[in-house]
Amino acid sequence: MGSTDRLRQITEAVREAGRMGVAELAGLTGASEMTIRRDLEVLADQGVLERYRGGARSLLLRGEEPPFALRSQEGLETKRRIADEVAGLIADGESVVLDSGTTCMEVARALAHRRLTVMPLSLHAVNALTGTPQLTLLVPGGRPRPGELALTGPLTEASLAALRFDTAVIGCCGLTATDGLTAYDLEDAAVKRAAIASARRVLAVAESAKLTRTALAFVAPASALHAVVTDEAAPSDEADALAAVGVTVRKV
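In this report, the structure presented in the accompanying data block is examined. (Residues numbered from 1 in each chain as written. Predicted model: local features only at pLDDT ≥ 70, side-chain atom pairs only at ≥ 80, totals over all residues. Heavy atoms only, no water.)

Points about the packing of helix H2 (residues 22-29) against helix H3 (residues 33-45)
Angle between the axes and distance between the axes: these two values describe a pair of packed helices. Condition: A fitted line through C-alpha atoms serves as each axis, taken over the contacting stretch for helices, and the angle formed by two N-to-C directions is quoted from 0 to 180°. Counting from the N terminus, the helices are DSSP H or I runs at least four residues long and the strands are E runs at least two residues long. With respect to orientation, any angle under 35 degrees is reported as roughly parallel, any angle over 145 as roughly antiparallel, any angle of 65 to 115 as roughly perpendicular, and every other angle as oblique. Only heavy atoms enter the contact rule, under which two residues are in contact if any of them lie within 4.5 Å. Here the nonpolar group is Ala, Val, Leu, Ile, Met, Phe, Trp, Tyr, Cys and Pro; Asp, Glu, Lys and Arg are the charged ones; every other residue, Gly included, is treated as polar.
Put simply, H2 and H3 touch, their axes get as near as 9 Å, and they point 105° apart. Taken as axis vectors, H2 and H3 run roughly perpendicular relative to one another. For the pair H2 and H3, contact is made by Val22, Ala23, Leu25, Ala26 and Thr29 and by Glu33, Ile36, Arg37 and Leu40, respectively. Taken together, the residues of the contact of H2 with H3 break down into 6 nonpolar, 1 polar and 2 charged.

Re helix H1 (residues 3-17)
Defined as follows: Given the number of residues in a helix, its expected span is that number minus one, multiplied by 1.5 Å. Buried, partly exposed and exposed residues are distinguished by accessible area as a fraction of the type maximum, computed with a 1.4 Å probe on protein chains only: under 20%, between the cut-offs, and over 50%, respectively.
When the terminal C-alpha atoms of H1 are compared, their 21 Å separation across 15 residues agrees well with the 21 Å that a helix rising 1.5 Å per residue should span. Inspection of H1 places Arg6, Leu7, Arg8, Ile10, Thr11, Ala13, Val14 and Arg15 among the buried residues, and these make up the whole buried set. Positive phi appears at Gly18, one or two residues downstream of H1, with a value of about 95°.

Describing the sheet that holds strand E11 (residues 180-183)
The cut-off we apply is this: Whether two strands pair comes down to DSSP finding at least two bridges between them.
Spatial strand order, E10-E11-E13: 3 strands in an open sheet with antiparallel pairing. One side of each edge strand has no neighbouring strand; the edge strands of this open sheet are strand E10 (174-176) and strand E13 (217-220). Pairs of neighbouring strands in the sheet enclose a mean axial angle of 30°, with direction left out of account. Seen against the sheet, helix H9 (residues 186-197) touches E11 and E13 and runs at an angle of roughly 5° to E13.

In structure tokens form, the structure reads like this:
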């Protein structure tokens, strides 16, 4: 098991249990106790958990998403394939609003040297797109969320309301035909809704695991999406259900 997968497994296990000991985590992951102690220090520095002698307790609620730094390295090759597919769906000259999140960050990198107008909704993506001569970069107002650096609040929503984009690329925490597009954070959900309302076409990006999840905050019904780009592991029944409400499902 790689370190990123092990950190994710530890995070999920401690969150579900509330607290776990070093020996329990070593048994769960197959890693040495010394390795587990180092992993717990990394996760404590990221604000995921709190150390105590012999173990750790979770600082994440069950409905919360793990930190950006942890998610950014998870499934990286899959996210890059999704990003390349999305980039192929966007024509030169288009105006694009680009959502926050780790998959959308990879989309930003895939679009960096294109002749486009792009408004990113996170400072991570703003940084990735700065200094690319062909691309026109629009930066919205708003308050960046710690760690995630996603822009939220009335200033972000007002920036989106003032513009009309050809395409919105939207990330999600959950997506099903029944419950629609959902997010963990209420402010993030409001910004996603504003981005969807500002665009002629909406492309959702979602790793296959998200097609089985429903998060706390409703964003939009699945029928508001024109297409979703996911990976080959997406469950066929959910892909068929999305197609039945008019969403094109593209698996990479």
